[in-house]
There are 4 protein chains.
Amino acid sequence: MVVVMTADATASDLASVVERVEAAGGEAFVSRGESRTVVGLVGDVTGFHDLNLRALPGVMEVVRVSTPYKLVSREHHDPSTVYVGTTRVPIGPGTFTLIAGPCAVETPEQTLAAAQMAAAAGATLLRGGAYKPRTSPYAFQGLGEAGLAILADVRAETGLPIVTEVVDPNDVDLVASYADMLQVGTRNAQNFSLLAAVGDTGKPVMLKRGMSSTIEEWLLAAEYVAQRGNLGIVLCERGIRTFETTTRNTLDISAVPVCQSLSHLPIVVDPSHSGGRRNLVVPLSRAAIAIGADGIIVDVHPHPDAAIVDGAHALEGGDLRDLASAVRQLPPMVGRRPALPTERRPAA
Amino acid sequence: MVVVMTADATASDLASVVERVEAAGGEAFVSRGESRTVVGLVGDVTGFHDLNLRALPGVMEVVRVSTPYKLVSREHHDPSTVYVGTTRVPIGPGTFTLIAGPCAVETPEQTLAAAQMAAAAGATLLRGGAYKPRTSPYAFQGLGEAGLAILADVRAETGLPIVTEVVDPNDVDLVASYADMLQVGTRNAQNFSLLAAVGDTGKPVMLKRGMSSTIEEWLLAAEYVAQRGNLGIVLCERGIRTFETTTRNTLDISAVPVCQSLSHLPIVVDPSHSGGRRNLVVPLSRAAIAIGADGIIVDVHPHPDAAIVDGAHALEGGDLRDLASAVRQLPPMVGRRPALPTERRPAA
Amino acid sequence: MVVVMTADATASDLASVVERVEAAGGEAFVSRGESRTVVGLVGDVTGFHDLNLRALPGVMEVVRVSTPYKLVSREHHDPSTVYVGTTRVPIGPGTFTLIAGPCAVETPEQTLAAAQMAAAAGATLLRGGAYKPRTSPYAFQGLGEAGLAILADVRAETGLPIVTEVVDPNDVDLVASYADMLQVGTRNAQNFSLLAAVGDTGKPVMLKRGMSSTIEEWLLAAEYVAQRGNLGIVLCERGIRTFETTTRNTLDISAVPVCQSLSHLPIVVDPSHSGGRRNLVVPLSRAAIAIGADGIIVDVHPHPDAAIVDGAHALEGGDLRDLASAVRQLPPMVGRRPALPTERRPAA
Amino acid sequence: MVVVMTADATASDLASVVERVEAAGGEAFVSRGESRTVVGLVGDVTGFHDLNLRALPGVMEVVRVSTPYKLVSREHHDPSTVYVGTTRVPIGPGTFTLIAGPCAVETPEQTLAAAQMAAAAGATLLRGGAYKPRTSPYAFQGLGEAGLAILADVRAETGLPIVTEVVDPNDVDLVASYADMLQVGTRNAQNFSLLAAVGDTGKPVMLKRGMSSTIEEWLLAAEYVAQRGNLGIVLCERGIRTFETTTRNTLDISAVPVCQSLSHLPIVVDPSHSGGRRNLVVPLSRAAIAIGADGIIVDVHPHPDAAIVDGAHALEGGDLRDLASAVRQLPPMVGRRPALPTERRPAA
């Protein structure tokens, strides 16, 4: 941390800053210039934050230098791979993982059909929501445990491990008893009780970016999960809120390389919910693969025009074939191979 | 709802739209023009939303016409007053309510001192946080139930009803057993489990706007509370996330008259957290009063430079006297009188 | 400026930074800590900017400490008053100036009627556009010089000095030959040729904030005008672009006190174009007065529903009377009196 | 256009709407529902815009249905190719164009070296700025005509046509006398005088998106150029302003397919200025190619750490080789071949 004093700060203002830092067990290095004095702080930065130095007289600015997250930071840590399910499907460097399935679980038939479409397109993980956080209380909220049971049946049938959302700390144990990976959605990106609860399960977690979270806030949310001893976290960029309205959200594709430089956690992209329109899903998927994402998570539906939730962007037919083709051809161009279950992988 | 067909939509495309609407029990009025056909829908709009009309061939756009919220809508409903505490302090039309207190409860002494400062400045409700949602897991998270007990003691001493935040559905009953009004913070603005839980308590709720919530999303969040039979909701504008960085958030002062035209719920302004700087609190408070807010909620602290949380904007001394003066002088200019407890109010 | 080195910067990395700064005539103060080294820079900050220190190996961050604008800065400069027209109508501390008139000049009759309405409501400056920057090339672009002539006639009739927009550097001399104050609109907020050209005229300038300009960028735009020797600049906050769509733009009311703390220039608020809806104009005007703006600029029109441009928010009738009443009653509450022409002001 | 009436609109309110539309030569189709009446408008939509229907009593909302731009619209128009320079380098469907060069022209040596680096990496067009719009008046503003002369010399030496920015309508003829393609920058995205002036030259125009322009506003800006009879327009996505600060701007990669669906104009991506950091340029370039952009425009510099402007993201060495490799390998995956000068292209 660096404390910048105002032009008219007095010697006693400066002394107060130094004193407070040293009282907290830190070191303060004073650098005097013609017009300004700057104090460099060394020690436990988080502790310094609570010192409230900005409120002291003569302090103009306090600039944080270290990153505020530790467990998920890229410093001193190579990129991680997260393994999902009993078959250990990897998400991480060197592989590209297609996660696909219906936005919402509606019926056993619809879910199975969607899972088979997903698998045929190259997916090795199945997504599907049984608990849906909806902006309006009048919209369909998901099937709940009945939906989880359907997902488990489809897993038994297809062998695809399940990624599914949880929205309430009270449901975490129940959802974890069915799911292979727990998803925390954009509206819960700073629901710290939920983050701690999914951390406690020890199951892999897919952490969507809050629609107005900065990358730093997102990594701090991941730190809440990691603090519970759970480093099986996959970040998911799904678009941020901006002034542009032709797309539902603005996919922040730059977040992929930025996160990869700041954190060791894998990162996937959701091209379905960011664009909100079917004709954007394949182009955005191609961009995500080319920029080096560790995977994508895509909505598919056997009958998009009958889908209860988000049918407007679910893939089927020709679009899905285009996606399958991109998922086959592009990852090798960026040094990645398909993420097969570890046990099925050919010996080196 | 209005469905706009593409220029090349066929008669059969149009028939499909009409059929689907009528199958759902609605009426469809077709209006043919030279270049476009438009279909007006009448009936249960929420149901229409799930019809997924946008996915039908030949449909260019679906425009919602009715507001999606009902219980909190201003249509057919005069502006409400919400009464807080056993002494029934009003928040609503005709009055102006000053809510003040420490950002976080730290000690009995600090809380009592802050409450007395608040009361001296004209506050008739006490704010104070025992559960603090913090961006970093390494920051102070509040005293929990010990903090609630301190607040209750200070209420007994000062007579000020308590407004305090709750962040986890599991804590709602505990917090409600101490508090007079439950606050839902900006990070939980779309935590629907929490909204339902506070709705169930029947206690008044202060619902802060999500930092990236549109006004419509905010009113839909209020609808989640209202659906549990609880209309004792007060909206709180606290700044939104924008590109401007000189202030912590951008106070959307226009939201006050906009909400008052769309909803019958009272609305207050938080000038402390939006600006994030002490010298902005009094000017923003004056703006809030002048534009017709039903109240403001302000951080005060006996020793801001020692505050554990958000000391950078807590008021004391001269600033607090300026606030007191604004709270005395400005409300009458917009037809409001101070919000005294109902029982202490002079007879008409 | 402060340069923060990475954790693994070498002694030679550090030496390069110091060398480059000293070569540019600056001083570099090195402060070594356990985990980081920080270099404080003293001297000509603008020059340092061009040193491209961020590109040197071992440099993690370069933090600017001084403000990048000089002539318009509040440092070493009391708040300014700008005088407009031959009658010297003031805009600045201690007074409150109502600027009103039609969005676009349409006819002599409409302009005169609007000016008379404005004057009756307390306006002492007349606004009106002859050159309109329109998002669509198919929309009405203004009357051009014919509109300026109408404004001049109405000034002769009413005595109100004229504020009018200029959009092309080539028109600046022509517009300046008619106008008392030149307005630069939001779309030209970083049209540096235009800024220099209006600066050269020596006429007072009203500089609207760019719809996505940070306050710092806005003050730097003002610096472009000031650099031509023209300090007669009035800032105008008119709303910024955000995700909220119920208002045309989001009025950043906090910008008023923020600018007053950073710059000596007066600042006014445009409540008409920010909200974009008639029923928001009076509430936003009250907020602007209460927060301490030096004035407001408001659209009025004798027949809003026949207005060619922006009729949706032009005031008339009851709304205008409400505005007049706010302009009479509120400024004294914040220590301001109406901004009469200097020559008509009663002797002290 | 569709006009939605309020629930309590009277028959006379409705009649006024119909009358006004018909008086303007349009047709109005009335559709009555139980709770609302909707009026569909057919005819000249732009004319309707000026009818100010929103201001009429009983009107709740006016929804535009047709696109407001015509000449640049994709309706009735296949995707265009724009040819640049005497050698007719194409930008458009089927090809991928690499435009590269220094951000600012500094010296003949630096410009030539950058051009040779660009050509070696596969560039067939040279970028370079002689007029730089800078946020601060104290920053380097470009060499002006001397810079243009350097660019012309380098073109003679390398055969690469020149793309260069113009910032003032008065400079347009001069710049056009040197340049093969005129660039309009983000700060001038709504400088309508400049847009008209570059349109008048008949030279190809590269139109950068305004940093807060919606896609619709951007296409309307292009319409200003097109209206002067100049359809040689290439759109350039260069990042938009959002709340995220780890990147200089947020590259809106979705804008590529969205623009391609709305407009026939080619679109390129600027990965240098959007990210603002060297390590993002190659990943963003890969994403741009994969999503189907018609080209990219990239900063290169022989000595980035000595660059006067934007050295922090200029490419050289290994990064430039990575870019060259992506430009060779990826376009064929999306059905594109390198954009060679037409005259050098092998016969079919």
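Residues numbered from 1 in each chain as written. Chains lettered and ligands numbered in written order. Predicted model: local features only at pLDDT ≥ 70, side-chain atom pairs only at ≥ 80, totals over all residues.

1. A closer look at the overall build of chain A
Stated precisely, the cut-off is as follows: Under the DSSP-based scheme used, a helix requires at least four consecutive residues in state H or I and a strand at least two consecutive residues in state E, with every element numbered from the N terminus. Residue burial is a threshold on neighbouring C-beta atoms within 10 Å of the residue's own C-beta, all placed from the backbone, with 20 or more meaning buried, 12 or fewer meaning exposed, and counts in between meaning partly exposed. Here the contact rule is simple: place C-beta atoms from the backbone, and any two residues whose C-beta atoms are within 7 Å are in contact.
Counting its regular elements, chain A contains eleven helices and 15 strands. The buried share of chain A, reckoned over its 348 residues, is 62%. For chain A, the share of sequence-separated contacts (at least 6 apart) that also reach a separation of at least 24 residues comes to 66%.

2. Focus: the relation of the copies chain A and chain D
Test applied: Least-squares fitting of one copy onto the other uses the C-alpha atoms of those residues that reach a pLDDT of at least 70 in both copies.
Laying chain A over chain D is done by rotating through 180° and shifting 0.0 Å along the axis; what remains is an RMSD of 0.1 Å. Put plainly, the chains are arranged around a two-fold axis. For chain A, the residue whose C-alpha comes nearest the rotation axis is Ala287 of chain A, separated from it by 2.1 Å.

3. Examining the nonpolar core
Just so we agree on the cut-off: By convention the nonpolar core is taken to be a set of buried residues drawn from Ala, Val, Leu, Ile, Met, Phe, Trp, Tyr and Cys and joined through C-beta atoms within 7 Å.
Ala222 of chain A, Ala222 of chain B, Ala222 of chain C together with Ala222 of chain D are the most contacted members of the largest nonpolar core, which totals 392 residues. Here Ala222 of chain A is in contact with Val72, Leu207, Ile233, Leu235 and Leu265 of chain A, once residues within four sequence places are set aside.

4. Observations concerning the interface of chain A and chain D
Quite often, the size of an interface is put as the accessible area lost when its parts meet. What counts, and what does not: Classes in brief: Ala, Val, Leu, Ile, Met, Phe, Trp, Tyr, Cys and Pro nonpolar; Asp, Glu, Lys and Arg charged; the others, Gly included, polar.
Listed by partner, the interface residues are 32 residues for chain A and 32 residues for chain D. Listing elements by their share of the side of chain A that touches chain D, those giving two or more residues are helix H8 (255-262) and helix H10 (278-291) of chain A. The element best represented in the side of chain A that touches chain D is H10 of chain A, accounting for nine residues. When the residues that make up the side of chain A that touches chain D are grouped by side-chain class, the tally is 16 nonpolar, 13 polar and three charged.

5. Some points on the confidence of the model for chain A
For clarity, the cut-off: On a range of 0 to 100, pLDDT expresses the predictor's confidence in each residue.
Of all residues in chain A, 93% have pLDDT values of 70 or greater, and the mean over the chain is 89. If you check the scores for this complex, the pTM reads 0.88 and the ipTM reads 0.87.

6. Some points on the domain arrangement of chain A
Applied cut-off: Bear in mind that the domain bounds are from an automatic or database domain assignment.
Its domain assignment divides chain A into domain 1 (2-63) and domain 2 (82-344). Averaged C-alpha coordinates put domain 1 of chain A and domain 2 of chain A at centres separated by 44 Å.

7. Quick word on the packing of helix H3 (residues 108-120) of chain D against helix H4 (residues 145-158) of chain D
All names here are of chain D. Quick note on the threshold: Whenever a helix is involved, its axis is fitted only over the stretch in contact; in every case the axis is a line through C-alpha atoms, and angles between N-to-C directions fall within 0 to 180 degrees. Roughly parallel refers to an angle under 35 degrees, roughly antiparallel to one over 145, roughly perpendicular to one between 65 and 115, and oblique to any angle outside these ranges. In this scheme the handedness of a crossing depends on how the near helix is turned from the far one: anticlockwise by less than a right angle means left-handed, clockwise means right-handed.
Between H3 and H4, the shortest axis-to-axis distance is 10 Å and the interhelical angle comes to 40°. By the criterion of interaxial angle, the relationship of H3 to H4 is oblique. As for the relative orientation of H3 and H4, their crossing is right-handed in sense. For the pair H3 and H4, the contacting residues are Pro108, Thr111, Leu112, Ala115, Gln116 and Ala119 in the first and Ile150, Leu151, Asp153, Val154, Glu157 and Thr158 in the second. When the residues that make up the contact of H3 with H4 are grouped by side-chain class, the tally is seven nonpolar, three polar and two charged.

8. Points about helix H1 (residues 11-23) of chain C
Residue and element names in this part refer to chain C. Where we set the bar: Multiplying one less than the number of residues by 1.5 Å gives the expected span of a helix. Working definition: the arc comes from the directions between the helix axis and the C-beta atoms, pointing outward to the latter.
The first and last C-alpha atoms of H1 sit 18 Å apart over 13 residues, in line with the 18 Å expected at 1.5 Å per residue. What H1 keeps buried is the set Leu14, Val17 and Val21. The buried residues of H1 occupy one face: seen down the axis, they fall within an arc of 60°. For H1, the exposed residues lying more than 90 degrees away from the buried face are Ala11, Ser12, Ala15, Glu19, Glu22 and Ala23. Once H1 finishes, Gly25 follows within two positions and takes phi at roughly 90°, a positive value.

9. A closer look at helix H3 (residues 108-120) of chain A
Residue and element names in this part refer to chain A. Taking 1.5 Å per residue as the helical rise, H3 with its 13 residues ought to reach 18 Å, and the 18 Å between its terminal C-alpha atoms agrees with that figure. Taken together, the buried positions of H3 are occupied by Gln110, Thr111, Ala114, Ala115, Met117 and Ala118. One side of H3 holds all its buried residues, which, seen down the axis, span an arc of 160°. Packed against the buried residues of H3 are strand E7 (95-101), strand E8 (125-127), helix H4 (145-158) and helix H11 (317-329).

10. Remarks on the environment of Ser193 of chain C
Relative to the assigned elements, Ser193 of chain C resides in helix H6 (residues 192-201). Sequence separation of Ser193 of chain C and Asn170 of chain C is 23 residues, and the distance between their C-alpha atoms is 9.9 Å. With sequence-adjacent residues up to four places away left out, Ser193 of chain C is seen in contact with Pro169 of chain C together with Val167 and Asp168 of chain D.

11. Brief notes about the pairing of strand E10 (residues 181-184) of chain A
Residues and elements named next belong to chain A. Under the convention used in this document: For two strands to be treated as a pair, DSSP must find no fewer than two bridges joining them. Here a crossover is taken to be right-handed if, once the strands point away from the viewer, the path from the first strand over the helix to the second is traced clockwise.
Neither face of E10 is left uncovered, since the one carrying Met181 and Gln183 and the one carrying Leu182 and Val184 both have all their residues buried. Note that strand E9 (residues 162-165) and E10 share three bridges and pair parallel. Counterpart to Thr164 in the pairing with E10 is Leu182. Where the polypeptide runs from E9 across helix H5 (residues 172-178) and back to E10, its parallel neighbour, the crossover connection is right-handed. Looking at chain direction, E10 and strand E11 (residues 205-208) are connected through three bridges and run parallel. Bridged to Val184 within E11 is Leu207.

12. Things to note about the environment of Gly275 of chain C
Looking at the secondary structure, you find Gly275 of chain C in helix H9 (residues 271-275). For Gly275 of chain C, a count of 25 C-beta atoms within 10 Å puts it in the buried group. Gly275 of chain C sits 15 residues away from Ala290 of chain C along the chain, and the two C-alpha atoms are 18 Å apart. Excluding anything up to four places from it in sequence, Gly275 of chain C contacts Ser254 of chain B together with Thr247, Arg248, Leu251, Leu280, Val281, Leu284 and His313 of chain C.

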